[in-house]
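Summary of structural features
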Amino acid sequence: CKNDNQIVSLGGGTLLREENTKIIKSSGVLIYLDVNEDTVYSRLKNDTSRPLLNVDDKFSVITKKMSERTPIYQNNADFIVNGNHNPEKVVNFIKKIINIKKN
């Protein structure tokens, strides 16, 4: 069901299942926050809650997963937003997208 007042942050593997992608796209706008490997690594290097990253060489795992997943994200996104900017700039851009879609 559509709810114009919700933003849902998905896990990195969500779009790997085609049925998830169909549900998401039928429920709203899919915005992909595109970030580089360095940004992901800096955000996750101390995160111990992610089983895939409980390894010595986290950067290699991140790089491999991103190379597998990025094409899927890009092909399914309604909008792609550069997430390497400061968070305020990213949020403002997303607000503009949402306002455009509402009108």
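In this report, the structure presented in the accompanying data block is examined. Note that residues are indexed from 1 along each chain, following the sequence as it is written. The predicted nature of this model means local features are confined to residues of pLDDT at least 70 and side-chain atom pairs, given and counted, to a pLDDT of 80 or more, with totals for whole chains, interfaces and linings taken over all residues. Note that the side-chain values use all heavy atoms of the structure and ignore hydrogens as well as water.

1. Notes on the pattern of salt bridges
Side chains bearing opposite charge may pair, as long as their charged atoms lie close to each other. Take a side-chain nitrogen of Lys or Arg and a carboxyl oxygen of Asp or Glu: if they are within 4 Å of each other, that pair is a salt bridge. By the definition in use, this model includes six salt bridges. Between Asp78 and Lys25 there is a salt bridge, with the nearest N and O atoms lying 2.9 Å from each other. Of this pair, Asp78 sits in the loop between helix H3 (58-76) and strand S2 (79-82) while Lys25 sits in helix H1 (residues 18-27), and the two are 53 residues apart along the sequence. Of the charged contacts in the structure, one is a salt bridge between Glu68 and Lys65, with a shortest N-O distance of 3.8 Å. Here Lys65 and Glu68 lie together in helix H3, a separation of three residues that amounts to about one turn. Only protein chains enter the calculation, and the probe is 1.4 Å; a residue is then buried if its accessible area is under 20% of its type maximum, exposed if over 50%, and partly exposed in between. Taking relative accessible area as the criterion, Lys65 reaches 24% and is therefore assigned partly exposed. Think of it this way: any DSSP run of H or I at least four residues long counts as a helix, any run of E at least two long counts as a strand, and we number them from the N terminus.

2. Thoughts on the packing of aromatic side chains
Given two aromatic rings, their pairing is described by the distance between the two centres and the angle made by the two planes. Two rings belonging to Phe, Tyr or Trp (six-membered ring only in the last case) form a pair when the distance between their centres is within 6.5 Å. Interplanar angles under 30 degrees mark stacking, angles over 60 mark edge-to-face geometry, and anything in between is tilted. Within the structure shown, the criterion is met by two aromatic pairs. With a centroid separation of 5.1 Å and an interplanar angle of 55°, the aromatic rings of Tyr32 and Tyr73 are classed as tilted. Within this pair, whereas Tyr32 is found in strand S1 (residues 31-34), its partner Tyr73 is found in helix H3, the two being separated by 41 residues in sequence. Pairing Tyr41 with Phe59 gives two aromatic rings, centres 5.8 Å apart and planes at 80°, and the pair type is edge-to-face. Highlighted residues: Tyr41 in helix H2 (residues 37-44) and Phe59 in helix H3, separated in sequence by 18 residues. Since its relative accessible area comes to 31%, Tyr41 is described here as partly exposed.

Functional significance is not addressed by these values, which are geometric in nature.
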